[in-house]
Amino acid sequence: MQLIALEDGKSVIALYAQKGKDYTCPGCQGTVRLRGGKQYQLHFFHPNPKTNCTNHSKSPYHLQTQLRLKKIFPDAHMEHYFPEVNRFADVVVPSKKLIFEVQCSPISLFEVRARQKAYARTGYLLVWILHEKNFNKRRLSDSERHLRKFPSYYTNIDPRGKGWIYDQLELISDVKRFYIGKKCPIHLTQHYYFKKDMFQKSPKSLTDRIENWPVFFSGDLLFRIWRDPDFSDLLTHLEKKGKRQKTKKIWITLFKNIVALHDKHLKAALLRNAKRS
Ligand SMILES: [Zn+2]
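Residues numbered from 1 in each chain as written. Predicted model: local features only at pLDDT ≥ 70, side-chain atom pairs only at ≥ 80, totals over all residues.

## Here we look at the sheet that holds strand β10 (residues 152–155)
Here comes step 1: Judged by pairing direction, the sheet is mixed, and its 7 strands sit side by side in the order β6-β7-β8-β9-β10-β11-β14 without closing on themselves. The sheet is open, and its two edges are formed by β6 (77–82) and β14 (184–185), each paired on a single side.
Here comes step 2: Relative to strand β11 (residues 165–167), β10 runs antiparallel, the two being bridged by 2 bridges. Looking at the pairing, Thr155 lines up with Ile165 of β11. (Pairing = 2+ DSSP bridges. Helix = DSSP H or I, 4+ residues; strand = E, 2+ residues; numbered from the N terminus.)

## Some thoughts on the nonpolar core
Here comes step 1: If you look at the biggest cluster of nonpolar residues, it comprises 36 residues, and the most contacted ones within it are Val91, Ile99, Phe100, Val127 and Ile129.
Here comes step 2: Elements represented by at least two residues in this core include exactly α1 (60–72), β7 (87–93), β8 (98–103), β9 (125–131), β10, β16 (215–217) and α5 (221–227).
Here comes step 3: If we skip the residues at most four places from it in the chain, Val127 touches Leu98, Ile99, Phe100, Pro151 and Ser152.
Here comes step 4: In terms of nonpolar packing, the next biggest core, distinct from the first, is built from 11 residues, Leu3, Val32, Cys53 and Leu63 among them. (Core = buried A, V, L, I, M, F, W, Y, C linked by C-beta atoms within 7 Å. Buried ≥ 20, exposed ≤ 12 C-beta atoms within 10 Å, placed from the backbone. Contact = placed C-beta atoms within 7 Å.)

## Brief notes about the domain arrangement of the protein
Here comes step 1: We note that the domain assignment places domain 1 (1–55) and domain 2 (58–241) within the protein.
Here comes step 2: Contacts between the two partners involve 11 residues from domain 1 and, on the opposite side, 13 residues from domain 2.
Here comes step 3: The residue inventory of the side of domain 1 that touches domain 2, partitioned by class, reads 6 nonpolar, 5 polar and no charged. (Domains from an automatic or database assignment. Nonpolar A, V, L, I, M, F, W, Y, C, P; charged D, E, K, R; others polar.)

## Some details on the pairing of β8
Here comes step 1: Most of β8 is tucked away, with 5 of its 6 residues classed as buried.
Here comes step 2: A loop of 4 residues connects β7 with β8, the two strands running antiparallel in sequence, and Lys97 in this loop sits at a positive phi of about 55°.
Here comes step 3: The pairing of β8 with β9 spans 6 bridges and is parallel. Directly across from Gln103, in β9, lies its bridge partner Leu130.
Here comes step 4: Handedness of the β-α-β unit built from β8, helix α2 (residues 109–120) and β9 comes out right-handed. (Right-handed = clockwise from strand over helix to strand, strands pointing away.)

This is the structure:
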């Protein structure tokens, strides 16, 4: 259900729109109008549906994140078609050769790889914006674990368009995140390719990123370290604290298990004695 449209380039939520008025679809730039009310939730529809517009099936979280990217990059195209790979990308910035894929719903590792393979052929750099609705939980799916090895950030943008696209310090062990740092809002306006010896020091959890991602973006954690190398010490300190907490938790769990086992044996022994006497 499409809940967002454009009026004079600004986003309008269906709840505040007027019936009988023409609005613009942020996806296909076609005309949309308002319908619904008493029995159905108010929403926009395409009076002349275009086969390539998938906006009606996109959640308001997805649309608002797309609109945020469009605000950051005014020259961006939404639902941009790449004929060479026969795909529509969510947001494309031709001047910077960037593709942003906004992901709100769960996605399979197979589909992630298919998109990566396809977009690699366009010569554009693919960046994933993963929504908190299904990502950045304690447990990571196969696809999210894979995606963290490539340029990817998180977002909590809500249906009214409030929220951030952000980076974070995180510690992952196997399929679980055991430490999540503060949300660090990012600007994305500029990206920088890694150069040799650009980072003299960095926290351990970001060395993978330096090795695997081709770029970093303005405002993200590595950008902040690049601007102020001392910021790395702060992150390293937080990282150590996170690891200590995990070790502490393991010891507490182990201790609890030992106590529980001891109690169980004690109870069984008491029961045996009671039966004998
Ligand atoms: Zn449309």
